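Listed here are the chains, written in short residue letters.
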Amino acid sequence: MTLTVSFLRWWQGRRLVAKAAYITALTGDKGQFLPNGIMPAIGPMTSLATEHLVGNVKGPVDLSRTFTNNFALRANKTEGFKTTTTPAGPTG
């Protein structure tokens, strides 16, 4: 799919968050990401427990459908990086 210049200009004007605010928020939130991009083994269960705690979970959650480490694992392999984190499995 090719995006036209006019569409990109239209979309640019409808940002919900200013670029500077997005960068500031992302910079402050980097601590949740591991340097190798892998979701650690306890990560999905911790996130789900937090969502339960604040009342955002309304039913059962299949963790195997909420995340994957496949991209980070392939990227690390392609770039020659050794993955030292134990990746989360399909059940968290």
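S.K.: Explanation requested: the overall build of the protein chain in the structure shown.
M.R.: A count of helical and extended segments in the protein chain gives four helices and zero strands. What you see in the protein chain, going N to C, is helices and strands ordered as α-α-α-α. The buried share of the protein chain, taken over its 92 residues, is 14%. Carbon and sulfur atoms make up 62% of the accessible area of the protein chain, which amounts to about 7,800 Å² in all.

S.K.: What is the right way to look at helix α3 (residues 43-53) in this model?
M.R.: Every α-helix winds through 3.6 residues per turn, so residues three or four apart in the chain are directed the same way. Every buried residue belonging to α3 is among Gly 43, Pro 44 and Leu 48, and all of these are buried. Angular distribution of buried residues about the axis of α3 spans 130 degrees; they occupy a single face of the element. Phi turns positive one or two residues past the end of α3, at Gly 55, with a value near 85 degrees.

S.K.: Can you walk me through the confidence of the model for the protein chain in this structure?
M.R.: Detailed conclusions should not be drawn from predicted coordinates in areas where pLDDT is low. Averaged over all residues, the pLDDT of the protein chain is 78; the fraction at 70 or higher stands at 74%. Mean pLDDT across the elements of the protein chain bottoms out in helix α1 (residues 5-12) (65) and peaks in helix α4 (residues 70-79) (90).

S.K.: Would you take a moment to explain the environment of Thr 50 for this structure?
M.R.: Note that Thr 50 resides in helix α3. Within polar-contact distance, the side chain of Thr 50 engages the backbone oxygen of Thr 46 at 3.0 Å.

S.K.: Would you take a moment to explain a nonpolar patch on the surface for this structure?
M.R.: A contiguous nonpolar patch, built from Tyr 22, Ile 23 and Leu 26 and spanning about 300 Å² of accessible area, is present on the exposed surface. Within the secondary structure, Tyr 22 sits in helix α2 (residues 19-29). When its relative accessible area of 52% is taken as the criterion, Tyr 22 is described as exposed.

S.K.: Please explain the side chain of Asn 36 as it appears in this structure.
M.R.: By the element assignment, Asn 36 lies in the loop between α2 and α3. Polar side-chain contacts of Asn 36 include one of 3.0 Å to the backbone nitrogen of Ile 38. Asn 36 has contacts with Ala 72, Asn 76, Thr 83, Thr 84 and Thr 85, leaving out every residue within four places of it along the chain.

Conventions adopted
- Residues numbered from 1 in each chain as written.
- Predicted model: local features only at pLDDT ≥ 70, side-chain atom pairs only at ≥ 80, totals over all residues.
- Heavy atoms only, no water.
- Helix = DSSP H or I, 4+ residues; strand = E, 2+ residues; numbered from the N terminus.
- Buried < 20%, exposed > 50% of the residue type's maximum accessible area, 1.4 Å probe, protein only.
- Areas by Shrake-Rupley, 256 points an atom, 1.4 Å probe, with all protein chains shown as cover.
- Arc of directions from axis to C-beta.
- pLDDT = per-residue confidence, 0-100.
- Polar contact = N/O pair within 3.5 Å; in protein donor to acceptor, adjacent residues only side chain to side chain.
- Patch = residues over 30% accessible without salt bridge, like charges linked within 9 Å, V, L, I, M, F, W, Y side chains within 5 Å.
- Salt bridge = Lys/Arg side-chain N within 4 Å of Asp/Glu carboxyl O.
- Contact = heavy atoms within 4.5 Å.

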